[in-house]
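Examining the three-dimensional arrangement
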Amino acid sequence: MKKWIYRYVFFILGVAINSFGIAFVTKSAMGTSQISSIPYVFSLEFPSISFGMWTFLFNILFILLQVVLLKKDFHPIQFFQILVNVLFSGLIDLSMSALSFFQPEALWLRILSLLFGCLILALGICIEVAPDVLVVPGEGIVRALAQTTKIKFGTVKVYFDVTLIVIAGILSLLFFQKFNGVGIGTVVSAIVAGRFVNWINLHFKSIQKIHALAESDSMLGEM
């Protein structure tokens, strides 16, 4: 029972760290992460609704699409993604507020913010995925697409991320007649964060220990 609780605690911790990573990437003023690109562009055009709230609305759309795509294969426990969405979206606004003092202008500092944000984002993803309890809506929709199309998860993930970036870019051009809220940092985040994830999973034994909690619970369930 304790292991089950620890797994959810680590999952929530990963989501929280994830939000701070997105905030640091966004603060670089070179674009935000690919999964947040569309909500961020909307938040710049319609600032009366916060970045976090736009994120919440788009993640609700992702959850609804999972229900439509998976139908009976959508397990009821995945409705807890809504609670995760509330937490994640709220923490994005909290993280952006906490970093309101941080306004890097020098290019080297902006690049540092981007890379540091990618590292934090990758750490959050590793901690979030390791307990194997729930999926965040952005990952859930990719899994649903992979399951229904019979295409490999990694391949769908690449196409999905590229699609988000393209849509965010088109919206940015329509709203501002230039790229605003999406840029080279968005592309760098999509490439670098994944590499950081692989590096962290390989070298941080603590991540492996968190994953071991899920494996031991699975073995107990089979006994």
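I will try to describe carefully the structure that is included in this document. Note that the structure is a prediction, hence the values are computed from the model and not measured.

What counts, and where the lines are drawn
- Residues numbered from 1 in each chain as written.
- Predicted model: local features only at pLDDT ≥ 70, side-chain atom pairs only at ≥ 80, totals over all residues.
- Heavy atoms only, no water.
- Helix = DSSP H or I, 4+ residues; strand = E, 2+ residues; numbered from the N terminus.
- Buried < 20%, exposed > 50% of the residue type's maximum accessible area, 1.4 Å probe, protein only.
- Polar contact = N/O pair within 3.5 Å; in protein donor to acceptor, adjacent residues only side chain to side chain.
- Contact = heavy atoms within 4.5 Å.
- Phe/Tyr/Trp six-rings, centres within 6.5 Å; stacked < 30°, edge-to-face > 60°.
- Disulfide = S-S within 2.5 Å.

Right, let's talk about the side chain of Gln81 for a bit. As for its position among the elements, Gln81 is in helix α4 (residues 81-98). When its relative accessible area of 0% is taken as the criterion, Gln81 is described as buried. At a separation of 3.0 Å, a polar atom in the side chain of Gln81 contacts the side chain of Gln66. Apart from residues lying up to four places away in sequence, Gln81 is in contact with Ile63, Gln66, Phe74, Val135, Val136 and Pro137.

Here we take up the packing of aromatic side chains. As enumerated under the stated definition, the model contains 14 aromatic pairs in all. Ring geometry for Phe46 versus Trp54: centroids 6.1 Å apart, planes at 45°, classification tilted. Taking relative accessible area as the criterion, Phe46 reaches 35% and is therefore assigned partly exposed. Judged by relative accessible area, which is 12%, Trp54 ranks as buried. Three or more aromatic residues link up through ring pairs in this structure, and these residues are Phe42, Phe46, Trp54, Phe58, Phe175 and Phe176.

Time to look at the state of the cysteines. A full pass over the atoms with the stated rule returns 0 disulfides. The thiol of Cys118 is unpaired, and the distance to the nearest cysteine sulfur, on Cys126, comes to 13 Å.

Phi is mostly negative for residues that are not glycine, and the peptide bonds are mostly trans. Positive phi is not limited to glycine here, since Ala29 has a value of about 60°. You can see Ala29 is positioned in the loop between α1 (2-27) and α2 (37-45). Given a relative accessible area of 52%, Ala29 falls into the exposed group. The phi dihedral of Gln177 falls on the positive side, at around 60°, and the residue is not glycine. Tracing the chain through its elements places Gln177 in the loop between α7 (153-176) and α8 (184-203).

Limitation: the analysis is restricted to geometry and does not speak to function.
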